[in-house]
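Next come the chains, spelled out residue by residue.
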Amino acid sequence: MALEHAILVSLLEKPGSGYELARRFERSIGYFWTATHQQIYRVLKRMEHDGLLAVREVAQSGRPDKKEYSVAGPGRGALAAWLHEPIEPESLRHDLAVKIRGAAFDDPAALVEEVERHHRAHSDRLAHYLAGERRDFTGPAAPAPLDAGQELQHVVLRGGIAYERMTIDWLDDVLATLRRLRDAPAPAP
């Protein structure tokens, strides 16, 4: 997926400035597609030049005017065309998995701390996803019923929740294996 498509989706959900878009990438869509502020601003400029985005100047009190971006007709067309294109199933590049396999040629126990660090990171992300789900989709302040856009946002979030749970389960298994290998008696020569 190109960054352009992620930007189009985000701006169709809600128009905004480059800064606001970058914040959205940090808070939500960035868990599935990451981009730096510089990349976002560079692509916004190119998309504006290509006629995919409409821009309006918004006056701000005591600060310079800001540009608010929204998707123009050609941008909607580009996104629609992309939505109808087939994409290859993603391959999984997983550095930690390679390290775990490589530990057979060193000291498997040396990876315990690293796997614990990954476990904490995925546990934190899962907690963040669950809090967002309660806030936006299942809690008392959530809209009912959800509109189509909200339903699709929620199904992507549920995928992230399922992925984090699966990863945590796998890391639990890895840790149990590493600890068992660490505590096992050394093989006889």
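Please refer to the structure placed before this passage.
Below or above, wherever it landed, is the structure these notes cover. All figures in this text were calculated on a predicted structure; none of them were measured in a lab.

Section: the overall build of the chain
Looking only at helices and strands, one finds 7 helices and 2 strands in the chain. Listing the helices and strands of the chain from first to last along the sequence gives α-α-α-β-β-α-α-α-α. For 189 residues, the compact-globule estimate of 2.2 N^0.38 gives 16 Å, and the chain exceeds it by more than 25% at 22 Å. The principal-axis extent of the C-alpha atoms belonging to the chain is close to 75 × 40 × 40 Å. For the chain, the proportion of its 189 residues judged to be buried stands at 31%. At a minimum sequence separation of 6, the contacts of the chain that also span at least 24 residues come to 56%. Approximately 12800 Å² of the chain is accessible, and the part contributed by carbon and sulfur atoms is 56%. Computing the positive centroid from 25 side-chain charges and the negative centroid from 28, the chain places the two 4 Å apart.

Some words on the pattern of salt bridges
In total, this model carries 9 salt bridges according to the counting rule given. A salt bridge links glutamate 4 to arginine 46; the shortest N-O distance between them is 2.0 Å. Taken together, the residues span a long stretch of sequence, with glutamate 4 in helix 1 (residues 3-13) and arginine 46 in helix 3 (residues 37-49) at a distance of 42 residues. Assessed through its relative accessible area of 38%, arginine 46 is described here as partly exposed.

Examining helix 1
Burial of helix 1 is extensive: 8 of the 11 residues sit out of reach of the surface. When we look at burial in helix 1, the residues that qualify are Leu3, Glu4, His5, Ala6, Ile7, Leu8, Ser10 and Leu11. Here the buried face of helix 1 lies against helix 2 (18-27), helix 3, strand 1 (53-60), strand 2 (63-71) and helix 4 (73-83).

Quick notes on the side chain of histidine 119
As for its position among the elements, histidine 119 is in helix 6 (residues 112-138). On the accessibility criterion, histidine 119 (19% relative accessible area) is buried. Residues in contact with histidine 119, not counting those within four places in the same chain, are Ile168, Leu171, Asp172 and Leu175.

Considerations on unusual backbone geometry
A cis amide bond links alanine 144 to the next residue, proline 145, at an omega of -5°. Relative to the elements of secondary structure, proline 145 occurs in the loop between helix 6 and helix 7 (148-183).

Quick notes on the packing of helix 1 against helix 4
Remark: helix 1 packs on helix 4, axes separated minimally by 10 Å, with the N-to-C direction vectors making an angle of 120°. Viewed along their axes, helix 1 and helix 4 adopt a mutual orientation that is oblique. Helix-helix and strand crossings are classified by hand; for helix 1 and helix 4 the assignment is left-handed. Listed contacts from helix 4 to His5, Leu8, Val9 and Leu12 of helix 1 are Gly75, Arg76, Leu79 and Trp82. Classifying every residue of the contact of helix 1 with helix 4 gives 5 nonpolar, 2 polar and 1 charged.

Parameters at a glance
- Residues numbered from 1 in each chain as written.
- Predicted model: local features only at pLDDT ≥ 70, side-chain atom pairs only at ≥ 80, totals over all residues.
- Heavy atoms only, no water.
- Helix = DSSP H or I, 4+ residues; strand = E, 2+ residues; numbered from the N terminus.
- Rg over C-alpha atoms; globule rule 2.2 N^0.38 Å.
- Buried < 20%, exposed > 50% of the residue type's maximum accessible area, 1.4 Å probe, protein only.
- Contact = heavy atoms within 4.5 Å.
- Areas by Shrake-Rupley, 256 points an atom, 1.4 Å probe, with all protein chains shown as cover.
- Lys, Arg positive; Asp, Glu negative; His and termini not counted.
- Charge placed at Lys NZ, Arg CZ, Asp CG, Glu CD.
- Salt bridge = Lys/Arg side-chain N within 4 Å of Asp/Glu carboxyl O.
- Axes fitted to C-alpha atoms, helices over the stretch in contact; angles between N-to-C directions.
- Parallel < 35°, antiparallel > 145°, perpendicular 65-115°, else oblique.
- Left-handed = near helix turned anticlockwise from the far one by under 90°.
- Nonpolar A, V, L, I, M, F, W, Y, C, P; charged D, E, K, R; others polar.

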